[in-house]
Amino acid sequence: MQTTAEIAYFSMEVALDARMPTYSGGLGVLAGDTLRTAADLGVPMVAVCLLHRRGYFRQTLGPDGEQHEAPEDWPVEQLLEPLPGQVTVAVAGRDVRLRGWRYDVRGCRGHVVPVIFLDSRLEDNDEAARTLTDQLYGGDARYRLSQEILLGVGGVRMLRLLGFGGIRRFHMNEGHAALLTLELLEEQHRGNGHNGVGEQEIEKVREQCVFTTHTPVPAGHDQFPLELAAELLGRGRAPKLRDVFAIDVYRQVLRSDQRFAPPRDALDHDLMLNMTYVALNLSRHVNGVAHSHGEISRLMFAEYSVDAITNGVHAATWIAPPMAAVLDRHVPGWQADNYSLRYALAIPLAEIAEAHAVAKRELLEHVLATTGRRLEPTRFTLGFARRATAYKRPDLLFADLERLRAIARCHGGLQVLYAGKAHPADAGGKALIRDVYAAARTLRDDGIDVVWLPDYDTALAAKLVSGVDVWLNTPLPPNEASGTSGMKAAMNGVPSLSTLDGWWIEGHLEGLTGWAIGAASPGDGDDAEAIRARDAASLYDKLEHAVLPCFLDPGDAFLEVRRHAIALNGAFFNSQRMLQQYLQRAYA
Ligand SMILES: *Cc1c(COP(=O)(O)O)cnc(C)c1O
């Protein structure tokens, strides 16, 4: 293995291969797309993740949309190369041994980015330690923090053991990997023989670290009771945590910023070790993942300088074969140079129409094969697929069933495809899947087909984003940091109909790349119910007066939107542009 990497990319999840369930959603897809792009561009990068031998979970759905969860075991030995050697990390005073497994991401010109997966399933570990790298986002706070210690501390040690000596930058993709900073500090202590933490040591860590935050609300940030952290990391480190990681800063910021203040009583709880603050304090470059998310992060973390690098997706991965073939004919070289997608503006509309029709047919065949539901290839079809959770509002489309029926009746019917898993602990998310099922049952008699496809993963995502007619997204602003599924859809000529949140604030050109629902920020003083009613009304208005008339227009209106989605948004919201910005602003 080449060990000349200069950038080490740490992520708790990564989506690399449809057979490897080592991710749960957007964060892991972003990590995978970043690594594929680094390989394409020849960037000297190595990545670290936990093995997640039992995956996230496999989702099946009962007749009323009840979610059932099962472990998703996968053939590690067939897909990864075992690496020699082990590292040891102390968790709660017990040694946990880790071995490494390697997966090579090979770029379009042959450059390889190795990904190291850390695995604690070893004979020498006790039973509890053996299962620590099994399940992504599983277990309780103790399990999660143990995993983060293994990822951060164990990851750095594994890279050193494997001989990666020239790493200049450690990139933390979200706060889960923040404890790598602790290992970088302690490496200096081992070098100089004392264990004080001075400005000099901190500065040396900071010089090396880059942090991408993905969460626009304080409650979403990864944090653990300081007492638990002291127990798992070791009492000797607790004072260090307090000094270096500026635990108290977090409380001050929460107190001073009313807009993002949590309920009052949350402030009176025990001190927390907040991984976002760990990473903020110890990084030279911090960024949010879209312009609006950068602004919100600057409000949340007023005393830090926070840049914004808008996410992108890996075009060659996400553009479906029929559309890729059209691009090959008209924009040769688009895979190696995504900016050239701009020239899609010259592609004959008939070819875009035909490529999309093929993708749609394939999607509907998949729907028939997996659910027995036969949908109509010419009928207008909406797609909605993402984690099932409250702020994404998958039920917004059903806020007024009478209105939806009337719209469908006057416009040749409606089909809606859903997919998405709810986190096992998210009861509200699970209830939303059942709500969509209930609405689907009611609407079936009215010629509106609503189908929730089980077990959302990247393979299903690829079919959905390329095969539906319009990509629906209804997050409650400002909760969506970026969102990337709409970018995948755009590249496939599938425009978005979305609330103005995350990337869509930047990608939206009304009637040209898609359509907006509601206003950019909720009106002052509106309560949750008023906002919901207003957004639902806006969704229906747009469907009735803009999207469906455009779709049903006998001329080329809708195909023009498809073409602009590819050319304007594909040329920008790709991971080549994103990684080049990281290279210039974060890694340089
Ligand atoms: C792209 C993708 C996501 C992220 O989509 P968002 O729009 O950010 O919610 C999640 N899960 C899978 C399987 C994906 O392919």
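1. Examining the overall build of the chain
Looking only at helices and strands, the chain has 22 helices and 19 strands in total. Taking 588 residues into account, the globule formula puts the C-alpha radius of gyration at 25 Å, and the chain, at 24 Å, falls close to it. Here the C-alpha coordinates of the chain stretch approximately 75 × 55 × 40 Å along the principal axes. Taken over 588 residues, the chain has a buried fraction of 59%. For the chain, the computed accessible surface area is about 22,000 Å², with 50% contributed by carbon and sulfur atoms. Of note, the chain has its 60 positive side-chain charges centred 3 Å away from the centre of its 74 negative side-chain charges.

2. A word on the packing of helix α15 (residues 401-410) against helix α20 (residues 528-552)
At a minimum axis distance of 11 Å, the contact between α15 and α20 shows a crossing angle of 5°. As far as their axial angle goes, α20 and α15 are roughly parallel. Contact residues: α15 offers Arg403, Leu404 and Ile407, while α20 offers Ala537, Tyr540, Asp541, Glu544 and Leu548. Residue composition of the contact of α15 with α20, grouped by class: five nonpolar, no polar and three charged.

3. Some words on the side chain of Thr310
Its place among the elements puts Thr310 in the loop between β13 (307-308) and α12 (315-318). At 2.8 Å, the side chain of Thr310 forms a polar contact with the side chain of Glu506. Residues contacting Thr310, with those up to four places away along its chain left out, are Val289, Ala290, His291, Met487, Glu506, Phe573, Arg577, Met578 and Gln581.

4. Some words on the site of the ligand
For the ligand, the set of nearby residues contains 14 residues, the closest of which are Lys392, Ala461, Thr484, Ser485 and Lys488. With respect to the ligand, the side chain of Lys392 contributes an N or O atom lying 3.1 Å from an oxygen atom. Within the backbone of Thr484, an N or O atom sits 3.0 Å from an oxygen atom of the ligand. For the ligand, whose accessible area on its own is 380 Å², the fraction buried by protein is 94%.

5. A short note on the sheet that holds strand β5 (residues 81-91)
Sheet strands associate in pairs through backbone hydrogen bonding, adopting either a parallel or an antiparallel arrangement. Reading across from one edge, β5-β6-β7-β2-β1-β8-β9-β12-β13 is the order of the nine strands in this open sheet, with mixed pairing throughout. A single partner strand is all that each edge strand has here, and the edge strands are β5 and β13. Note: strand β2 (residues 45-50) against strand β7 (residues 112-119), four bridges, orientation parallel. Across the sheet, the residue bridging to Val48 is Ile116, located in β7. Of the strands in this sheet, β1 (7-11), β2, β6 (94-106), β7 and β8 (169-173) touch helix α1 (residues 26-41), which is tilted by about 160° from β1. The strands touched by helix α5 (residues 180-192) are β1, β8 and β9 (209-212); relative to β8, the strand with the most contacts, the crossing angle is about 155°.

6. Topic: the pattern of salt bridges
Scanning all chains against the criterion turns up 34 salt bridges. When the shortest N-O distance is used, the salt bridge between Arg19 and Asp17 registers 2.8 Å. Looking at Asp17, the relative accessible area reads 12%, which means it is buried. Note that Glu183 is salt-bridged to Arg157, the shortest N-O span being 3.1 Å. Placement of Glu183 in helix α5 and of Arg157 in helix α4 (residues 141-162) is noted, with a sequence separation of 26 residues between them. According to the relative accessible area criterion, Arg157 is partly exposed, its value standing at 22%.

7. Notes on the packing of α5 against helix α6 (residues 199-208)
With their axes 9 Å apart at the nearest point, α5 and α6 run at an angle of 130° to one another. For the element pair α5 / α6, the angle class is oblique. The handedness of the crossing between α5 and α6 comes out as right-handed. Across the interface between the two elements, Thr181, Leu184, Leu185, Gln188 and Asn192 of α5 pack against Glu201, Ile202, Lys204, Val205 and Gln208 of α6. The class makeup of the residues in the contact of α5 with α6 is four nonpolar, four polar and two charged.

8. Points about the sheet that holds strand β17 (residues 470-473)
With parallel pairing, six strands are arranged side by side in an open sheet as β16-β15-β14-β17-β18-β19. Of all the strands in the sheet, just β16 (448-453) and β19 (514-517) have a single pairing partner and so form its edges. Between one strand and the next, the sheet's axes are offset by a mean angle of 20°, whatever the strand orientation. With three bridges joining them, β17 and strand β18 (residues 496-499) adopt parallel strand pairing. Opposite Leu472, over in β18, you have Leu497 as the bridge partner. Along the sheet face, helix α16 (residues 427-444) touches β15 (414-419) and β16 and points at about 150° away from the line of β16. Set on the sheet, helix α17 (residues 458-467) makes contact with β14 (381-385), β15, β16 and β17; between it and β15 the angle comes to about 155°.

9. Examining helix α13 (residues 321-330)
An α-helix turns once per 3.6 residues; consequently, residues spaced three or four apart project the same way. Listed as buried for α13 are Pro322, Met323, Ala324, Val326 and Leu327. As for α13, its buried residues are in contact with α14 (349-371), α18 (485-491) and α21 (557-570).

10. Quick word on the packing of aromatic side chains
Each pair of aromatic rings is reported with the distance of its centres and the angle of its planes. Applying the stated criterion across every chain, the model contains 15 aromatic pairs. Aromatic side chains Phe10 and Phe170 sit 6.2 Å apart centroid to centroid with 50° between the ring planes, which places their arrangement in the tilted category. Taken together, the positions of Phe10 in strand β1 and Phe170 in strand β8 put the pair 160 residues apart, joining distant regions of the chain. What links up through ring pairs into an aromatic cluster is the set Phe380, Trp515, Phe551 and Phe558. Over the aromatic face of Phe384 sits the side chain of Arg386, whose NZ or CZ is 4.5 Å from the ring centroid.

11. A closer look at the nonpolar core
Of all hydrophobic cores here, the largest spans 66 residues; its most connected members are Phe10, Leu145, Ile149, Leu159, Phe170 and Leu180. The dominant element in this core, judged by the number of residues it contributes, is α4, at ten residues. The contact partners of Ile149, leaving out residues within four places of it in the chain, are Val89, Ala90, Val91, Gly154, Leu179, Leu232 and Leu233. By size, the runner-up hydrophobic cluster in this structure holds 46 residues, among which are Ala15, Val465, Val468 and Met487.

12. Topic: helix α7 (residues 226-233)
Of all eight residues making up α7, six are buried, and the element is well covered by its neighbours. Looking only at α7, the buried set comprises Leu226, Leu228, Ala229, Ala230, Leu232 and Leu233. Remark: Gly234 follows α7 within two positions and exhibits a positive phi of approximately 110°.

13. Quick notes on the domain arrangement of the chain
When its domains are assigned, the chain resolves into domain 1 (7-217 + 281-311 + 580-587) and domain 2 (375-571). Computed from C-alpha coordinates alone, the two centres of domain 1 and domain 2 are separated by 32 Å. Residue-level contacts link 29 residues of domain 1 with 29 residues of domain 2. Interface area for domain 1 against domain 2, summed over the two sides, is near 2,300 Å², with a carbon-plus-sulfur share of 55%. If you look at where domain 1 meets domain 2, you find two salt bridges. Where Arg441 meets Asp64, a salt bridge forms, and the shortest distance between an N and an O atom there is 3.0 Å. Where domain 1 packs against domain 2, one counts twelve residue pairs in polar contact (both at pLDDT 80 or more). Elements supplying a minimum of two residues to the side of domain 1 that touches domain 2: β3 (58-61), β4 (67-70) and α11 (291-300). Of the residues forming the side of domain 1 that touches domain 2, the biggest block, four residues, is contributed by α11.

Thresholds applied
Residues numbered from 1 in each chain as written. Predicted model: local features only at pLDDT ≥ 70, side-chain atom pairs only at ≥ 80, totals over all residues. Heavy atoms only, no water. Helix = DSSP H or I, 4+ residues; strand = E, 2+ residues; numbered from the N terminus. Rg over C-alpha atoms; globule rule 2.2 N^0.38 Å. Buried < 20%, exposed > 50% of the residue type's maximum accessible area, 1.4 Å probe, protein only. Areas by Shrake-Rupley, 256 points an atom, 1.4 Å probe, with all protein chains shown as cover. Lys, Arg positive; Asp, Glu negative; His and termini not counted. Charge placed at Lys NZ, Arg CZ, Asp CG, Glu CD. Axes fitted to C-alpha atoms, helices over the stretch in contact; angles between N-to-C directions. Parallel < 35°, antiparallel > 145°, perpendicular 65-115°, else oblique. Contact = heavy atoms within 4.5 Å. Nonpolar A, V, L, I, M, F, W, Y, C, P; charged D, E, K, R; others polar. Polar contact = N/O pair within 3.5 Å; in protein donor to acceptor, adjacent residues only side chain to side chain. Near = heavy atom within 4 Å. Pairing = 2+ DSSP bridges. Salt bridge = Lys/Arg side-chain N within 4 Å of Asp/Glu carboxyl O. Left-handed = near helix turned anticlockwise from the far one by under 90°. Phe/Tyr/Trp six-rings, centres within 6.5 Å; stacked < 30°, edge-to-face > 60°. Lys NZ or Arg CZ within 6 Å of the ring centre and 35° of its normal. Core = buried A, V, L, I, M, F, W, Y, C linked by side-chain atoms within 4.5 Å. Domains from an automatic or database assignment. Buried area = accessible area lost by both parts, 1.4 Å probe.

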